[in-house]
Amino acid sequence: MIPLCIPEIHGNEWKYVKECLDTNWVSSVGSYVDKFEKDFANFLNINKSVVTMNGTAALALALRTLGIGEGDEVIVPSLTFISPVNTIKYVGAEPVFIDVCRDTFVMDAEKIEELITKKTKAIMPVHIYGHPVDMDKLMDIANKYQLYVIEDATEALGSYYKNKAVGTIGHIGCFSFNGNKLITTGAGGMLVTDSEKLADRAKFLSTQTKVVTENKAFYHPEIGYNYRMPNLLAAMGCAQLENIQEYIKAKRENAELYNKLLCNVKGITLSVEKEWVSNVQWLYSIVVEDEYSITRDELIKRLAENGIESRPFFMAVHNMPPFKGSKHGSMKVTEELEERGLNLPSSVSLSKDDIMKICTIINK
Ligand SMILES: Cc1ncc(COP(=O)(O)O)c(C=O)c1O
């Protein structure tokens, strides 16, 4: 089976994790936690990073750090993994769903303004599959209406918008280190921000708002969370980060070869890269149009019969039972893409032969 997207582990992961085991520094404080935060911020060229136990925790923490809660509305795409939408509910706020662009699959910034009400507090762009949202347009609107911007950059680590790392443009950016992400810690996440004040607040909330008194007792002035990442996992993150440029290069080369081999297939719309971005192509994506000889779901079956794993695009969240009554704009493009979009194998270790095999079947 050619899998959709598996981790790549060939560096100092064993050495750093072993060091944690050998020294007993396995839990939520330790030198690798500090190092991972520092190295990650350096990689993105941002001031501060706060590690979390997963990407969902980072998103929930971001909302809480910015004081978003009961009675507030957050504009978020419906074509996304459900996690960012769930976190809006965790803090008691309401999602307002926005449509996406047909070519990039991400939030259509042109449609934000029509969804803004007196209750709108934040916009949550989700850079799915690696392509960045049009952040200049989005930030102009956010500034005009004084809204917070939380970037869900979990699928776009290694992507750039006008030379700025995705995740560093809004007030807070969030990342995931789940097993299928560009770098992995097994499970893990990161919140990043340029603001020292927001980073301190996020760290405080993520560590149970713990204040150590003079006699070493714990005092908690607010309700907090245990969203910490253990040193063991941070050690793995440090090792993964050492190879990140190699991973980015491999993903982009995969996409280049796919584009070359699929560009003449009638009815297959290829993944794009707007001139103002560098797309990490985390999951290489195509759209199966009517002109193609079989449907997207039939293609998934054919690929599987040939030992190739593929995955349909996310199902629209606004149609899921918990969000059926939520506000939304037109969902025309979202509903078209959920029917037609397809992710193809995209592991860093994917070989040229594998890509050729996949493309031959799609061509046939
Ligand atoms: C767009 C998006 N947001 C958030 C998450 C949540 O990350 P985690 O699984 O680490 O909680 C994921 C995926 O895992 C994701 O794809």
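Every value quoted in this text rests on a predicted model; they were computed, and no experiment measured them.

### Concerning the sheet that holds strand β2 (residues 73–77)
- Overall, mixed pairing links the eight strands, which are arranged β1-β9-β8-β5-β4-β2-β3-β16 in an open sheet. Single-partner strands in this sheet number two, and they are β1 (48–52) and β16 (327–328).
- Here strand β5 (residues 148–152) pairs with strand β8 (residues 172–176) via three bridges, running parallel. Counterpart to Asp 152 in the pairing with β8 is Cys 174.
- Where helix α4 (residues 83–90) meets the sheet, its contacts fall on β2, β3 (94–98) and β5, and the angle it forms with β3 comes to roughly 150°.
- Its contacts with the sheet put helix α5 (residues 135–145) on β4 (120–123) and β5, and the angle it makes with β5 is roughly 150°.

### Points about the site of the ligand
- Around the ligand, the structure places 14 residues, and the nearest of them are Gly 55, Thr 56, Asp 152, Glu 155 and Ser 176.
- Measuring from an oxygen atom of the ligand, one finds a backbone N or O atom of Gly 55 at 2.8 Å.
- Contact between the ligand and Thr 154: a nitrogen atom at 3.1 Å from a side-chain N or O atom of the residue.
- Summarising the interface, the protein chains cover 90% of the accessible area of the ligand, which totals 380 Å² for the free molecule.
- One can see that the ligand is located within the largest pocket.
- If you list the elements that add at least two residues to the shell around the ligand, you get α3 (55–65) and α4.
- Per-element accounting of the shell around the ligand gives the leading share, three residues, to α3.
- Here the shell around the ligand is composed, by residue class, of four nonpolar, seven polar and three charged.

### Re the domain arrangement of the protein chain
- The domain boundaries assigned to the protein chain delineate domain 1 (13–243) and domain 2 (245–363).
- Here the C-alpha centroids of domain 1 and domain 2 sit 25 Å apart.
- With 46 residues of domain 1 at the interface, the matching set in domain 2 holds 41 residues.
- Where domain 1 abuts domain 2, roughly 3,800 Å² becomes buried across the two surfaces, and 62% of that area is made up of carbon and sulfur atoms.
- Taken as a group, Phe 97, Arg 102 and Tyr 129 account for 22% of the area that domain 1 buries against domain 2, more than any other trio of residues on that side.
- Inspection of the region where domain 1 meets domain 2 yields four salt bridges.
- Among the salt bridges present, the one from Arg 102 reaches Glu 336, with a minimum N-O distance of 2.8 Å.
- Scanning the region where domain 1 abuts domain 2 turns up 22 residue pairs in polar contact (both at pLDDT 80 or more).
- Every element with two or more residues in the side of domain 1 that touches domain 2 is listed here: α4, β3 and β6 (160–161).

Rules used throughout
Residues numbered from 1 in each chain as written. Predicted model: local features only at pLDDT ≥ 70, side-chain atom pairs only at ≥ 80, totals over all residues. Heavy atoms only, no water. Pairing = 2+ DSSP bridges. Helix = DSSP H or I, 4+ residues; strand = E, 2+ residues; numbered from the N terminus. Contact = heavy atoms within 4.5 Å. Axes fitted to C-alpha atoms, helices over the stretch in contact; angles between N-to-C directions. Near = heavy atom within 4 Å. Polar contact = N/O pair within 3.5 Å; in protein donor to acceptor, adjacent residues only side chain to side chain. Areas by Shrake-Rupley, 256 points an atom, 1.4 Å probe, with all protein chains shown as cover. 1 Å grid on protein atoms, 1.4 Å probe; cavity = no way out; pocket = protein on both sides within 12 Å on 5 of 7 lines; lining within 4 Å. Sits in = over half its atoms within 2 Å of the grid points. Nonpolar A, V, L, I, M, F, W, Y, C, P; charged D, E, K, R; others polar. Domains from an automatic or database assignment. Buried area = accessible area lost by both parts, 1.4 Å probe. Salt bridge = Lys/Arg side-chain N within 4 Å of Asp/Glu carboxyl O.

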